[in-house]
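What follows is the residue order along each chain.
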Amino acid sequence: MNTIELLTINSIFFISYKLFSSYFNKNISEERIKWREKIREITIKIVTMDKENAEKNKDEFIAELAIRLNLFDDNSDLKIIEIAKKVLENIDKEEYKNEFIARISILLKNDWE
């Protein structure tokens with residue numbers, strides 16, 4: 001194999017790698033943005049819900065949040081679910097809402113980094 005053929009093969013490999021890498025990173029970033037936005041939407045629904053809807057829709061919102069978190073890998077994700085349940089069971093207690101919002105904020109901040 002001569003030098004030109006070797007350079008051509010090397011260039012094709014490098015360009016293919018860069019294209020794949022760029023495509024992969026773009027898709028991952030877009031999916032993470034969608035994930036963060038959905039977590040924000042669920043959080044707003046949970047903390048602004050009235051008592052009647054909280055009682056009626058508690059399981060739905062907990063499930064919707066749980067499927068987006070990693071409950072088996074990180075104790076902080078499990079704690080978010082526990083606090084979300086407390087928010088929905090005690091809709092008038094601001095302390096639970098504040099802790100829930102703080103934990104979600106940390107989750108989103110850590111995901112961004």
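Above this note sits the structure.
Residues numbered from 1 in each chain as written. Predicted model: local features only at pLDDT ≥ 70, side-chain atom pairs only at ≥ 80, totals over all residues. Heavy atoms only, no water.

Peer 1: Which residues make up the overall build of the protein chain, and what are the values?
Peer 2: Within the protein chain, the regular secondary structure consists of four helices and zero strands. Counted from the first residue to the last, the protein chain has its helices and strands arranged as α-α-α-α. A burial count over the protein chain gives 27% of its 113 residues as buried. In the form shown here, the protein chain has an accessible surface area of approximately 8,300 Å², with 57% of it arising from carbon and sulfur atoms. (Helix = DSSP H or I, 4+ residues; strand = E, 2+ residues; numbered from the N terminus. Buried < 20%, exposed > 50% of the residue type's maximum accessible area, 1.4 Å probe, protein only. Areas by Shrake-Rupley, 256 points an atom, 1.4 Å probe, with all protein chains shown as cover.)

Peer 1: Report on the pattern of salt bridges, specifying residues and quantitative values.
Peer 2: Scanning the model with the defined rule gives eight salt bridges in all. The salt bridge involving Glu-89 is made with Lys-58; its shortest N-O contact spans 2.8 Å. Of this pair, Glu-89 sits in helix 3 (residues 75-89) while Lys-58 sits in helix 2 (residues 51-66), placing them 31 residues apart in sequence. The salt bridge involving Lys-97 is made with Glu-94; its shortest N-O contact spans 3.8 Å. One end of the pair, Lys-97, and the other, Glu-94, are both in helix 4 (residues 94-112), three residues apart, so they sit about a helical turn from each other. The exposure class of Lys-97 is buried, given its relative accessible area of 12%. On the basis of relative accessible area, Glu-94 is assigned to the partly exposed category, the value being 46%. Here the salt bridges do not stand alone but share partners, grouping Lys-38, Glu-41 and Glu-64 into one network. (Salt bridge = Lys/Arg side-chain N within 4 Å of Asp/Glu carboxyl O.)

Peer 1: I'd like a rundown of the environment of Ile-80, residues and numbers included.
Peer 2: Residue position: Ile-80 is located in helix 3. A residue is classified by how much of its surface remains accessible, and Ile-80, at 2% relative accessible area, is buried. The spacing of Ile-80 and Glu-99 is 19 residues in sequence and 8.8 Å in space, taken between C-alpha atoms. Ignoring anything within four residues of it in the chain, the contact list for Ile-80 reads Leu-65, Leu-69, Phe-100, Arg-103, Ile-104 and Leu-107. (Contact = heavy atoms within 4.5 Å.)

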